[in-house]
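Structural features, examined
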Amino acid sequence: DDVLYRDFCAACAVSWRELGVRELSTLLRESEYYELLHPTEGTALHRLVAALTGSVAGIGSEPEAVASLVALSRATFSVRSRVACEPLHKALRDTVLSILRQGESSASAWMPLLAGSELHAAVGLPDDALQELMQLARSALASGDGTKLSAESCAALFRACGRCVWTAPEASEAPLAAVLT
């Protein structure tokens, strides 16, 4: 069982970007309940988190990659043992900060805010990084390149700003104002 589960974790580390929030949530929750305990590597959830953590770094800043980061960030909140997901939360946070440092601007530059807001609730983002994510989102949304956000994207953006309103009230208003105008 241990060898089979190790192979399964390796396959998940390669292909997790192809899964949505629902599938990733199910994957993490089911591994939490899987009764496989390795003497040195821990529970099945710990092993899966370790495999996913190693695959998050250097994911890139393309819209599809950022969307997969958002999905994984949201999915980690579906497990009961959030402590087990802490290494993954930190790796996701570091990746979002890396994307922020790259400073690429595009019509989808607001997407890192979605992952950042989820991770801010779990492991915290530096206040200046959170405000910079908000500003980047506002700039991308205000650029007015003719792209209209879907209802789902608007809801996700409102959720992200709502998660950050207590930490950065003024900064979280900017992306909302850009969407509403």
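About the thresholds
- Residues numbered from 1 in each chain as written.
- Predicted model: local features only at pLDDT ≥ 70, side-chain atom pairs only at ≥ 80, totals over all residues.
- Heavy atoms only, no water.
- Salt bridge = Lys/Arg side-chain N within 4 Å of Asp/Glu carboxyl O.
- Helix = DSSP H or I, 4+ residues; strand = E, 2+ residues; numbered from the N terminus.
- Buried < 20%, exposed > 50% of the residue type's maximum accessible area, 1.4 Å probe, protein only.
- 1 Å grid on protein atoms, 1.4 Å probe; cavity = no way out; pocket = protein on both sides within 12 Å on 5 of 7 lines; lining within 4 Å.
- Points joined across faces, edges and corners; volume = space filled by probe spheres on them.
- Nonpolar A, V, L, I, M, F, W, Y, C, P; charged D, E, K, R; others polar.
- pLDDT = per-residue confidence, 0-100.
- Contact = heavy atoms within 4.5 Å.
- Axes fitted to C-alpha atoms, helices over the stretch in contact; angles between N-to-C directions.
- Parallel < 35°, antiparallel > 145°, perpendicular 65-115°, else oblique.
- Left-handed = near helix turned anticlockwise from the far one by under 90°.

Time to look at the pattern of salt bridges. One pass over the full model with this rule turns up two salt bridges. For Lys90, the salt bridge identified is with Glu86, shortest N-O distance 3.1 Å. Of this pair, Lys90 and Glu86 both sit in helix α5 (residues 86-102), four residues apart, roughly one helical turn. Exposure remark for Glu86: the relative accessible area of 33% places this residue in the partly exposed category.

What follows deals with the layout of surface pockets. Here the largest pocket defines a volume of roughly 360 Å³. Looking at the largest pocket, it is lined by 16 residues, and the ones nearest its centre are Val70, Arg74, Leu114, Glu152 and Ala156. Tallied by class, the residues present in the lining of the largest pocket amount to nine nonpolar, three polar and four charged.

A few words now on the confidence of the model for the protein chain. Across the protein chain, pLDDT averages 81, with 90% of residues at or above 70. When pLDDT is averaged over each helix and strand of the protein chain, the minimum, 59, is found for strand β1 (residues 37-38) and the maximum, 91, for helix α3 (residues 44-56).

Turning our attention to the environment of Ile99. As for its placement among the helices and strands, Ile99 is situated in helix α5. Look at Ile99 and you get buried, because its relative accessible area is 9%. It is 10.0 Å that separates the C-alpha atoms of Ile99 and Leu133, two residues lying 34 residues apart in sequence. Discounting residues that sit within four places of it in the chain, Ile99 has contacts with Gly60, Ser61, Val66, Leu69 and Pro112.

Before going further, it helps to spend a moment on the packing of helix α4 (residues 63-75) against helix α6 (residues 111-122). When two helices pack together, their arrangement is captured by the angle between the axes and the distance separating the axes. The geometry of α4 relative to α6 is characterised by a closest axis approach of 9 Å and an angle of 20° between their N-to-C directions. As summarised for this structure, α4 and α6 are arranged roughly parallel, according to the angle between their axes. Crossing of α4 against α6: the hand is left-handed. Counting all contacts with α4, which are made through Pro63, Val66, Ala67, Leu69, Val70, Ser73 and Arg74, the residues of α6 involved are Met111, Pro112, Leu114, Ala115, Glu118 and Leu119.

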